[in-house]
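Given next are the chains, with one letter for each unit.
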Amino acid sequence: MAQPHQQFLFTHLGVSDGLSSDNVMAVQQDGSGYIWIATSSGLQRYDGHRFLTIRHEAGNPTSIPDGAIYNIAFDWKNRLWLLLGGTRIGWLDTRDLTFHEVPVKYPREILNKSGAGIYLDRDGKLMLAAVGNAVFTYNEEHREFAEKHNRFTLPKGWKPIHIWQDIKRNYWIGCDSGLVKYNTHAGLMSYRGHNADKDRIIETLGNAQTVVFTYTDRSGRFWMTSWPNSGMKIWSLDTLTGYKKEWQNILGRSINNKYYELRAISELSDSSIMFSGHNLFARMKKDGSDLQVVANNLPGEYSIRYDVVNQLFQDGENNVWISTNKGLFRFNPFAQLFRAVQNRRPSRDSVFEPDVTGIMQTSDGKILVSTWGSGMFSYDSTFKAIESKVVQQGLNEREGMTWCMVQLSNGNILRGNQEGTLFAYDASTGKTRKIKDSIFESSTIRQVVDDGKGYLWFGTQRGFVVKWNPSTGSGTVLHRLQSTVNRLYRDSSGVIWVCTTTSGLLRLDPSSGKIIAHYKMEGMPGTVLRGINATDIIQYNDSIFVIAANGLNLLNIRTGKFRYFSAENGLETNDITNLVKDKDGYIWMSTGIGIVSFHPVKSKLSLYNSADGVHTNAFHVGSSRQLSDGRIAFGTAHDILLFNPYSVTISEYVPPRVFISEMSLMSNPLKLDSVMKLKRVELQHDETSMVIDLSTLTYQNEYPIYYMMEGLEKTWVKAGNQSQAIYNYLPPGDYTFKTGCNNPDGSIGQITRLNITVKAPFWNTRWFYSLIGLAIAAGLFWLDRQRQQRMRSEHQMRTAIAGNLHEDVNTTLQDISMLSEIAGMKAHTQPEKSKEYIYEIQRKSRNMVIAMNDVLWSIDPVNDNMPRTVERIHEVAQAMRSRYDVEVEVDADETIHRLNLSMKIRLEFIIIYKLAILALVEVLRAPKTRVNLYYLKGKLYLFIQASGVELERSNGSTFKYLAEMKTRANSIHATLNIQSGKSGTEIKLGVRV
């Protein structure tokens, strides 16, 4: 049994690609080119790369309602109308994605149970048919759907099912009771029993019941589907000739009489008719011939799968979008210029699918195809299978593993086969003989070429290069390369080229067979191949040869230098199996990603894939041919890919505009309509991470997209497969984002621009720099003022201290003078009293010296730091220990060394400390005194403990010291706490620093 063959190649979009549901209800295209998709899960927009899902948002009255969308349509204002469940309808503003529901003036309880359809007539009027209930027309002024806005009134009791308007603007309404026509020009209503317009269609088909579908194609043929009790009826009526034809059985037989329902008839731009519905998808030529069923659920990457085809939509590129219950499919019957030819025998339906190893056109124009497994096949120039002695005799000889073919000038045809076997057809006798020459050592003969001098050259699986004389049947092994021969090629000068899998490329002298040149991967740069596996070679002109080896290697045999074209510098792929050059200079390549064409002079590169009809990427090495009429055939793993390069190639084209389809900032999507209206997009300095989605909004052809952020990038950047421009950070400044596609000359065509400004942080602006400058100047001025003020303060303080010292010294000297006189007077009369006065004079003198020493120490700038103050405290303690033979311990916390005391505080702090030590050690003779210095909560503390001594107010000296300590503590706003008892005395001084 013949296997079903998929004549079209489909591209599929499903849930795994981002579709919200495989149950697709309808498709529409807006004026910009976006594809809008209604599914059972809601609405989506598609730009060729990405889906934008428009979701219901709880609490947002302008978001689309939740649930399925059953149909969509664009009106003349580019509003997208959505038909929802329960006959609810409204329109979506595709710019800001806000939804606006429109009321239907009819009982809601009836509408909720009704099916519905929407229809936009040729005058832009939008109509809503609630199946089995009523027709409503939208009124722009009242913003409502209502029966009162209809142009026609149905016969009483007739319930609408379907609406259609023909090119003459006649309305055709399918009803439960039959077919109705409304002539808008004459204002006449025609139907069964009331054919006011004397219409041929009403006259011929007016008796039909339950009319569910009507359509008029461009030829004037009227189509109608009805459902009487006997089952579905499909009619066509030629309105010019009156020829009526019944189709339900014809369509049924085309799908092997499976159950089906016709839901819609569509007409493509070439006037071919598409039938679709439940278990039905078929195409028919406009003349009614060649009904082709598009089989569903076939295996294969490019087949279509469906149980129900809900809608067909043809976009601006003539792509046909098929909405099914198994996803969204797309194909372009007009752009699929590559044709898959399956190998068949004459008068048989069986398909043979072994590898196609070779293609050859004979001198009489017939085409021979060799395969690895099924032998030879013969075709006429249209690739219709024909009888051939060559093929039949080969089959009789059990020829099956055929690798290569050649026709000699005398018409004889030789084929190389597995195990070193040759099959030779003698054109003069019409007979075939099998040759088993030991020279091949049973190695498969993969390649053959005629050198034009009476010899054949063979290349084998094991790498033998054999020069063979067909006249004598003898030959010579010239080389044993130990590498499979991929291709043998004779250039215009007769030189033989050998492409191998692991030995690179060899150039052989046709007379001697000696190696003229051997090109491998080792050698000086520019003189070697990019890869060791050379799959094919062609001569481009007198000096340039093109070799497929890990990309394209362009060899100039005059200079011995290579130029390279690979994936590194623009080639779509390095995986190339075959090369063919057409008469216009294009090199056609079969590759692992499709068919690639390249013009070395024009630098024009094109890729053709499944959208163009290229059904496979599995091509056989050494299997290609350009036919006499210019068509190119490549052998694949199962069949032949055939195309006309002159129909495929577009010499001049205008690249499409690139659209910014989406834009996100800091991973948050932006409202693109608002963004594109701005003259300049302003961004904060810390919010510049952005993704810009790009699309040409073309779905048939893929155009490389380039972009550049002017102000950041100096060259155009090619967008990747996702067509996105991604920027993680933009420094402050002004930028222009530009994007476009290449012109044929390599320049960028129409450019889309977006101006962007990244605001500098406030600390990086001119005004801030100015402010900082002023602040620094003010700070320096303030510091200088503070310095001068401090100097004046210190000067005043030193002056005050000096004044106080002068006063104290003067007072002390006066006291000494007076005491000296008294002592002198008492020296003879009261010697003991005189000694007391002399002792007082000594004490006052010593105290005056100490005070002078303290003042001089405090005003010395060298001592303006805390470590020197602590050192001074230690000196006083050491003096007390030496003088009175007591213990005085000083413990200073490390944290106080960072403190900075003013001159006044430092002086008073030292004097209070010395007064306390004098009172405790000198007066009270404390045997053990401990001094602690520490910093706590903003204060410097002096804590002195003396055990075993108690302060007595009756002691005049002690009381005098305590009084002076309090006076000095108050002068620096310090706290002084003195506790004394029989166990000992504690003095605690705290001063804020």
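Cut-offs and rules
Residues numbered from 1 in each chain as written. Predicted model: local features only at pLDDT ≥ 70, side-chain atom pairs only at ≥ 80, totals over all residues. Heavy atoms only, no water. Helix = DSSP H or I, 4+ residues; strand = E, 2+ residues; numbered from the N terminus. Rg over C-alpha atoms; globule rule 2.2 N^0.38 Å. Buried < 20%, exposed > 50% of the residue type's maximum accessible area, 1.4 Å probe, protein only. Contact = heavy atoms within 4.5 Å. Areas by Shrake-Rupley, 256 points an atom, 1.4 Å probe, with all protein chains shown as cover. Lys, Arg positive; Asp, Glu negative; His and termini not counted. Charge placed at Lys NZ, Arg CZ, Asp CG, Glu CD. Pairing = 2+ DSSP bridges. Axes fitted to C-alpha atoms, helices over the stretch in contact; angles between N-to-C directions. Parallel < 35°, antiparallel > 145°, perpendicular 65-115°, else oblique. Left-handed = near helix turned anticlockwise from the far one by under 90°. 1 Å grid on protein atoms, 1.4 Å probe; cavity = no way out; pocket = protein on both sides within 12 Å on 5 of 7 lines; lining within 4 Å. Points joined across faces, edges and corners; volume = space filled by probe spheres on them. Nonpolar A, V, L, I, M, F, W, Y, C, P; charged D, E, K, R; others polar. UniProt positions renumbered as here; feature names shortened; annotations may be inferred. Phe/Tyr/Trp six-rings, centres within 6.5 Å; stacked < 30°, edge-to-face > 60°.

As annotated in an unreviewed UniProt entry, the protein is Two component regulator three Y domain-containing protein from Flavihumibacter solisilvae.

> With reference to specific residues and values, describe the overall build of the protein.
Counting its secondary structure elements, the protein contains eleven helices and 70 strands. Computed over its C-alpha atoms, the radius of gyration of the protein comes to 52 Å, more than 25% above the 30 Å expected for a compact globule of 993 residues. Each principal axis of the C-alpha distribution contributes one length, and for the protein these read about 175 × 100 × 50 Å. Within the protein, the proportion of its 993 residues that are buried is 51%. Taking all contacts inside the protein whose residues are at least 6 apart in sequence as the whole, residues at least 24 apart take part in 51%. Total accessible area computed for the protein in this model is approximately 47400 Å², and 49% of it derives from carbon and sulfur atoms. Both charge centroids of the protein, one from 112 positive and one from 99 negative side chains, sit 1 Å from each other.

> How would you summarise the sheet that holds strand 61 (residues 705-710) if you had to cite specific residues and measurements?
Taking strand neighbours across the sheet as the criterion, the five strands line up as 59-65-64-61-62 in an open arrangement whose pairing is mixed. A strand with exactly one partner marks an edge of an open sheet, and here the two such strands are strand 59 (681-683) and strand 62 (717-718). The pairing of strand 59 with strand 65 (residues 752-758) spans three bridges and is parallel. In the sheet register, Glu682 faces strand 65, and the bridge partner there is Thr757.

> Kindly report on the packing of helix 10 (residues 903-923) against helix 11 (residues 956-971), identifying the contributing residues and their values.
A pair of packed helices is characterised by two quantities: the angle between their axes and the separation of those axes. Close contact between helix 10 and helix 11 brings their axes to 9 Å; oriented N to C, the two are set at 165°. Taken together, the axes of helix 10 and helix 11 lie roughly antiparallel to each other. As helix 10 packs across helix 11, the resulting crossing turns out to be left-handed. Between helix 10 and helix 11, the contacting residues are Lys904, Glu908, Ile911, Ile912, Leu915, Ala916, Leu918, Ala919, Glu922 and Val923 on the first element and Ser957, Thr958, Tyr961, Glu964, Met965, Arg968, Ala969 and Ser971 on the second.

> Give me the lowdown on empty space enclosed by the protein, citing residues and values where you can.
Applying the stated criterion to the full structure yields two cavities of 30 Å³ or more. Put simply, the largest cavity is a space of about 40 Å³. Those elements giving two or more residues to the lining of the largest cavity turn out to be strand 38 (445-450), strand 42 (485-490) and strand 54 (619-626). Broken down by element, the residue count for the lining of the largest cavity peaks at three residues, all from strand 54. For the lining of the largest cavity, the class distribution of residues is three nonpolar, five polar and one charged. Here the second largest cavity defines a volume of roughly 30 Å³. Class assignment for the residues of the lining of the second largest cavity results in three nonpolar, three polar and two charged.

> Could you give me a rundown of the UniProt feature "domain: Two component regulator three Y" (unreviewed entry) in the protein, with the residues and numbers involved?
The residues that UniProt annotates with the feature "domain: Two component regulator three Y" (unreviewed entry) are residues 705-759. Across residues 705-759, helical content stands at 0% and strand content at 51%; the span's end C-alpha atoms are separated by 29 Å.

> Which residues make up unusual backbone geometry, and what values do they have?
The bulk of non-glycine residues show a negative phi, and the bulk of peptide bonds are trans. Phi is positive for Asn318, which is not a glycine, with a value near 70°. Residue placement: Asn318 occurs in the loop between strand 27 (309-314) and strand 28 (320-324). For Asn318, a relative accessible area of 28% puts it in the partly exposed group. A positive phi angle, near 55°, is found at Leu697, a position not held by glycine. Following the sequence through the fold, Leu697 ends up in the loop between strand 60 (690-695) and strand 61.

> I'd like to hear about the packing of aromatic side chains, residue by residue, with values.
Throughout the structure, instances matching the rule amount to 43 aromatic pairs. With a centroid separation of 5.2 Å and an interplanar angle of 45°, the aromatic rings of Tyr138 and Phe145 are classed as tilted. Taken individually, Tyr138 and Phe145 each receive the classification buried, so the pair is uniform in this respect. In this structure an aromatic cluster arises from ring pairing among Phe338, Trp588, Tyr608, Phe619, Phe634 and Phe643.

> Explain the sheet that holds strand 33 (residues 376-379) to me, using residue names and the numbers behind them.
As summarised here, the arrangement of the three strands in space is 31-32-33, forming an open sheet in which the pairing is antiparallel. Edge positions in the open sheet fall to strand 31 (355-361) and strand 33, since each of these has one partner strand only. Taken over all neighbouring pairs, the strand axes of this sheet differ in orientation by 20° on average, direction set aside.

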